[in-house]
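Observations on the three-dimensional arrangement
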Amino acid sequence: MGKKNDAQAGSRQPATDVVHLGRDPASQYGFVNTPVYRGSTVLFPTVEALKSRTQAYTYGRRATPTTRALEEALTALSGGTFTMLAPSGLCAVTAALLAFVRAGDEILMVDTVYQPTRAFCDSMLKRLGVTTRYYDPLIGGGIRDLIQSNTRLVFVESPGSQTFEMQDLPAIAEAAHARDLVVIADNTWATPLFCKPLALGADVTIEAATKYIVGHADANLGAVTGNASCAAALNQAKEDLGLSIGSEEAYLALRGLRTLDVRLRHHMQAGLDMARWLAQRPEVARVMHPGLETDRGHKLWKRDYAGASGLFGFILKPSSQKALAAFLDGLELFGMGYSWGGYESLIIPFDPRSYRTATAWKAEGPALRIHVGLDGLEDLKADLARGFDRLNAAL
Ligand SMILES: *Cc1c(COP(=O)(O)O)cnc(C)c1O
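Residues numbered from 1 in each chain as written. Predicted model: local features only at pLDDT ≥ 70, side-chain atom pairs only at ≥ 80, totals over all residues. Heavy atoms only, no water.

**Points about the site of the ligand**
Neighbouring residues of the ligand: Ser88, Gly89, Leu90, Tyr114, Glu157, Asp186, Thr188, Ala208, Thr210, Lys211, Asn220 and Trp340. One nitrogen or oxygen atom from the main chain of glycine 89 is found 2.8 Å from an oxygen atom belonging to the ligand. Contact distances for the ligand include 2.7 Å between a nitrogen atom and a side-chain N or O atom of aspartate 186. For the ligand, whose free accessible area comes to 380 Å², the fraction covered by protein is 91%. Classifying every residue of the shell around the ligand by side-chain character gives four nonpolar, five polar and three charged. (Near = heavy atom within 4 Å. Polar contact = N/O pair within 3.5 Å; in protein donor to acceptor, adjacent residues only side chain to side chain. Areas by Shrake-Rupley, 256 points an atom, 1.4 Å probe, with all protein chains shown as cover. Nonpolar A, V, L, I, M, F, W, Y, C, P; charged D, E, K, R; others polar.)

Dropping the structure here:
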């Protein structure tokens, strides 16, 4: 399906790729979209076919035409050779880790990682005899000093969850590969349109497709894409774990993918504009957005990324919990809730002090993470401006 399209991926503009990848109208009676194939059992016409298992589809858990269309699209977009889909972004992360570790191994995990990833390392991986050492996101090539004889892999997430530190993936990958380690990157913030970790030295890249790829806050989904050296291990993990997603979810991700380029470009422009506006506000101590020239990760972002999504952080000047609640509770256009990457705008307070261990989080006041959605930007600014009025009145 879509073989001709997939072979051309990367040589065309990303906007063209997301419109055409994983789609083959000729094999669907001319219908534009790959439909939702519901199914578990797949029939084999002969004993010979049953034995050889060479037909395109053998069992619904392994693949349907809908899930395969998404796998092929993401493999091509990420520049990899194999994609395994998972029912959530977190499951993509945990399955990717399980694909490579064995008892006695140590993994190097960035301290600013998505908090549930950390929880998995500290609970299930620990129980299975795998230890986790957390490292400073700014370590770069210095990661070589942490590598021990039992270190198996390095996990990167850039920019960091909530606090947006940029990581030097090429430097980390070079040091890791000198010791034969596997490098895994969680690329959810940038999506494969704005960053291609496999081209920067990672062996495996992970997307929480829940965010921008699905893009409409209506499904959870994850994807793990590996290069040729990791394809067998990932496929084995997929088979061993019985990792499978429904075709309905795959369809939603394919549908989101078609508009990913235009949506992301809007999120980027609106996010940068909002970040600059916030940086000027007297109530704001600083903004954490690698796309801003003033951000300490800006050079790495410019070198390695083709764009920024609409998610970033900012820190208020010292203010009471009462003032913070007055700011947030009255917002009309911004919702408070987990996840991001949909069309809607979100804001959430956070405090990483209770769980980070390799770095110390120091902030002038309350920290907030904001997702600039597809609403009108002036309306969003007015909503926040009214919030700042409430904050100032409650100080
Ligand atoms: C949201 C997120 C995940 C997990 O995705 P879910 O679908 O919510 O499980 C993983 N990594 C990052 C960086 C995320 O932001």
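**Some thoughts on the domain arrangement of the protein**
Segmenting the protein into domains produces domain 1 (3-258) and domain 2 (260-394). Between the C-alpha centres of domain 1 and domain 2 the distance comes to 27 Å. When the area that domain 1 buries against domain 2 is broken down by residue, the three leading residues are Trp189, Phe194 and Tyr212, summing to 26%. Put simply, domain 1 and domain 2 have one salt bridge between them. (Domains from an automatic or database assignment. Buried area = accessible area lost by both parts, 1.4 Å probe. Salt bridge = Lys/Arg side-chain N within 4 Å of Asp/Glu carboxyl O.)

**Quick look at the packing of aromatic side chains**
A ring pair, where both rings are aromatic, is described by two values, the distance of the centres and the angle of the planes. Scanning the model with the defined rule gives five aromatic pairs in all. Taken together, a centroid distance of 5.6 Å and an interplanar angle of 65 degrees make the contact between tyrosine 212 and tryptophan 340 edge-to-face. Here tryptophan 340 lies in the loop between α13 (321-329) and β10 (346-350) and tyrosine 212 lies in the loop between β6 (204-208) and β7 (222-226), a separation of 128 residues in the sequence. Here tyrosine 212 matches tryptophan 340 in class, with each residue buried. Here the aromatic residues Trp277, Phe327 and Phe388 are joined through ring pairs into a cluster of three or more. (Phe/Tyr/Trp six-rings, centres within 6.5 Å; stacked < 30°, edge-to-face > 60°. Helix = DSSP H or I, 4+ residues; strand = E, 2+ residues; numbered from the N terminus. Buried < 20%, exposed > 50% of the residue type's maximum accessible area, 1.4 Å probe, protein only.)

**Digging into the sheet that holds strand β2 (residues 106-110)**
In spatial order, the strands read β1-β7-β6-β5-β4-β2-β3; together these seven strands make up an open sheet with mixed pairing. Each edge of the open sheet carries a strand with a single partner, namely β1 (82-86) and β3 (131-135). Strand-to-strand twist of the sheet, defined as the mean angle between neighbouring strand axes without regard to direction, takes the value 20 degrees. Examined bridge by bridge, strand β5 (residues 182-186) and β6 share three bridges and lie parallel to one another. Residue pairing for β6: aspartate 186 is matched across the bridge by isoleucine 206. Each of β1, β6 and β7 is contacted by helix α4 (residues 65-78), which is oriented at about 125 degrees to β1, the strand it contacts most. (Pairing = 2+ DSSP bridges. Axes fitted to C-alpha atoms, helices over the stretch in contact; angles between N-to-C directions. Contact = heavy atoms within 4.5 Å.)

**Here we look at the nonpolar core**
Counting 117 residues, the largest nonpolar core has Leu97, Met274, Leu278 and Leu384 as its most contacted members. Ranked by the residues each element gives to this core, the list is headed by helix α11 (residues 260-280), at eight residues. Those residues in contact with methionine 274, other than ones at most four positions away along the chain, are Phe312, Phe334, Ile370, Val372, Leu377, Leu380, Lys381 and Leu384. (Core = buried A, V, L, I, M, F, W, Y, C linked by side-chain atoms within 4.5 Å.)

**Brief notes about helix α5 (residues 89-98)**
Within α5, seven of the 10 residues are buried, which leaves the element mostly enclosed by the surrounding structure. Listed in full, the buried residues belonging to α5 are Gly89, Ala92, Val93, Thr94, Ala95, Ala96 and Leu97.

**Notes on the packing of α5 against helix α6 (residues 115-127)**
Relative orientation of the contacting elements α5 and α6 amounts to 45 degrees, with a least axis distance of 10 Å. Comparing the axis directions of α5 and α6 gives the class oblique. Between α5 and α6 lies a crossing of right-handed hand. Counting all contacts with α5, which are made through Leu90, Val93, Thr94, Leu97 and Leu98, the residues of α6 involved are Pro116, Thr117, Phe120, Cys121 and Leu125. Its residues placed into classes, the contact of α5 with α6 shows eight nonpolar, two polar and no charged. (Parallel < 35°, antiparallel > 145°, perpendicular 65-115°, else oblique. Left-handed = near helix turned anticlockwise from the far one by under 90°.)

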